[in-house]
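Reading the structure
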Amino acid sequence: MSFTKSLEAFYNHKFNTSSPSSNNGDGDFNVFDLSETINSRLPSPYARYDFFKIMTIHGEHRCHYADKSITFNGNTLLFFNPIVHYQFEILEKNATGFFCVFKEPFFSENYRGRIQDLSMFTPGGKHVYDLNNIQDKEVTLLFEKMLDENNSDYQFKYDLLRNYVSELIHFAGKLEPNEKLYNHPDANARITSIFINLLESQFPIQSPENNIKLRSAGDYASRLGLHVNHLNRAIKLTTGKTTTTHIANRIVIEASALLKHTKWDIAEISYCLGFAQPSHFTYFFKKHTGNTPSSIRFV
């Protein structure tokens, strides 16, 4: 189960096609009226996406993160980045608005710093902004200009589109962010469920060239945008086991399967499971099972 969704997968979900428009340009920029998305009312998967997204939307809706949900009502401007997992939930049947998507090269070409360092795109930043009616008209006009320009044949249209995106970012920079938190019935259970799914997404290992990327509680907390203490506390309260225990148990299960059902040597299995040295893997496996890796091969 993948927790990183590509732009192509996003288009598939929203439009039933991998490429709704040929006007992508550098950095895969695209812009849409929300009404154009065929499946806009279907809930998107909770995932991390490999592109940036800016949206304006009207009505009551909700955005879910690992440790909280943000609910909003009225005219809203939202920013999404490729680092933080999220799920956007449209609550109103006839919601209207616009959104644009792009990858980092689109914006960074003419920007000296990193787009991830802008407050509305940082993992711990504020991503939701209330708009009054006048502000909403200004933002809507920018999106309408994007739509017109994106469909034009003007040679330098992507320069103009970058300028419109920059205007949206600076517009938000002048606003006070608004986050009204929606308390989950059991936030700890939600965090635990997301952690378990993310843990399982690393397995099974299909090739000696593959290796798991997340090995520690800190790795998982960073991926989920949580403080490691918050993650540890939620999992302990929900399951009675520590985060480290869950990770170790899953690695032991995978190690046993690889030892028994593949012909990979122990050094290859060690690498796949994130151990720097085979001796480290041997020590870990014996500590948790009482057996050495070689003793259970093909048993």
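Remember, predicted model here, so these are calculated numbers, not experimental data.

The number of helices and strands found in the protein chain is ten helices and eleven strands. Relative to all contacts within the protein chain whose residues are 6 or more apart in sequence, the contacts with residues 24 or more apart total 71%. Total accessible area computed for the protein chain in this model is approximately 14,700 Å², and 49% of it derives from carbon and sulfur atoms.

Before going further, it helps to spend a moment on the pairing of strand E7 (residues 75-80). Burial within E7 is extensive, with six of its six residues counted as buried. Of the pairings in the sheet, the one linking strand E4 (residues 52-58) to E7 comprises six bridges and is antiparallel in character. Following the sheet pairing, Ile57 is matched in E7 by Thr76. When E7 meets strand E10 (residues 128-131), the two strands line up antiparallel, connected through four bridges. Bridged to Leu77 within E10 is Tyr129.

What follows covers helix H7 (residues 228-239). Along an α-helix, a turn takes 3.6 residues, which lines up residues three or four apart on a common side. With twelve residues, H7 should reach 16 Å at 1.5 Å per residue; the first-to-last C-alpha distance of 16 Å fits that figure. Within the span of H7, buried status applies to Leu231, Ala234 and Ile235. Seen end-on, H7 carries its buried residues on one side only, within an arc spanning 95°. Looking one or two residues beyond H7, the residue adopting positive phi is Gly240, at roughly 80°.

Before going further, it helps to examine the packing of aromatic side chains. Any two aromatic rings considered together are summarised by their centre-to-centre distance and by the angle between their planes. Using the criterion set out here, one finds 23 aromatic pairs in the structure. Here a set of aromatic residues connected by ring pairs shows up, and it is made of Phe10, Tyr11, Phe32, Tyr49, Phe51, Phe72, Phe80, Tyr86, Phe88 and Phe99. Between Lys53 and the ring centre of Phe99, over which it is positioned, the NZ or CZ distance is 5.1 Å. Arg162 extends its terminal NZ or CZ atom over the ring of Phe106, reaching a point 5.3 Å from the ring centre.

A few words now on the nonpolar core. In terms of nonpolar packing, the biggest core is built from 33 residues, with Leu231 and Leu273 touching the most fellow members. Secondary structure elements with two or more residues in this core: helix H5 (187-200), helix H6 (217-224), H7, helix H8 (243-261), helix H9 (266-272) and helix H10 (278-289). Among the elements that line this core, the one with the most residues is H8, at seven residues. Among all residues touching Leu273, those that are not within four sequence positions of it are Phe203, Ile205, Ile212, Arg215, Ile251, Glu254, Ala255 and Phe281. Counting residues in each nonpolar core, the second largest holds 31 residues, with Phe106, Leu118, Tyr129 and Val139 among its members.

Viewed as axis vectors pointing N to C, H5 and H7 meet at an angle of 100°, and their least axial separation amounts to 8 Å. By the angle between their directions, the pair H5 and H7 is classed as roughly perpendicular. Residues Asn188, Ala189, Ile191, Thr192 and Phe195 of H5 form the contact with H7, whose participating residues are His230, Leu231, Ala234, Ile235, Leu237, Thr238 and Thr239. Along the lines of polarity and charge, the residues of the contact of H5 with H7 split into seven nonpolar, five polar and no charged.

One open sheet accounts for five strands, arranged E2-E9-E4-E7-E10; its pairing is antiparallel. Looking along the sheet, the strands with just one partner apiece sit at the ends: strand E2 (30-33) and E10. Between one strand and the next, the sheet's axes are offset by a mean angle of 15°, whatever the strand orientation. Against the sheet, helix H4 (residues 157-173) engages E4, E7, strand E9 (97-102) and E10, with an angle of about 110° to E7.

Another aspect to go through is the environment of Gln202. Within the secondary structure, Gln202 is located in the loop between H5 and H6. The spatial distance from the C-alpha of Gln202 to the C-alpha of Leu214 is 8.1 Å, given a sequence separation of twelve residues. Non-local contacts of Gln202, meaning those with residues more than four positions away in its chain, are made with Ile212, Lys213, Leu214 and Tyr220. Here Leu214 takes part through its backbone nitrogen, which lies 2.9 Å from a polar atom of the side chain of Gln202. Of note is the side chain of Gln202, whose polar atom sits 2.6 Å from the side chain of Tyr220.

Calculation criteria
Residues numbered from 1 in each chain as written. Predicted model: local features only at pLDDT ≥ 70, side-chain atom pairs only at ≥ 80, totals over all residues. Heavy atoms only, no water. Helix = DSSP H or I, 4+ residues; strand = E, 2+ residues; numbered from the N terminus. Contact = heavy atoms within 4.5 Å. Areas by Shrake-Rupley, 256 points an atom, 1.4 Å probe, with all protein chains shown as cover. Buried < 20%, exposed > 50% of the residue type's maximum accessible area, 1.4 Å probe, protein only. Pairing = 2+ DSSP bridges. Expected span 1.5 Å × (residues − 1). Arc of directions from axis to C-beta. Phe/Tyr/Trp six-rings, centres within 6.5 Å; stacked < 30°, edge-to-face > 60°. Lys NZ or Arg CZ within 6 Å of the ring centre and 35° of its normal. Core = buried A, V, L, I, M, F, W, Y, C linked by side-chain atoms within 4.5 Å. Axes fitted to C-alpha atoms, helices over the stretch in contact; angles between N-to-C directions. Parallel < 35°, antiparallel > 145°, perpendicular 65-115°, else oblique. Nonpolar A, V, L, I, M, F, W, Y, C, P; charged D, E, K, R; others polar. Polar contact = N/O pair within 3.5 Å; in protein donor to acceptor, adjacent residues only side chain to side chain.

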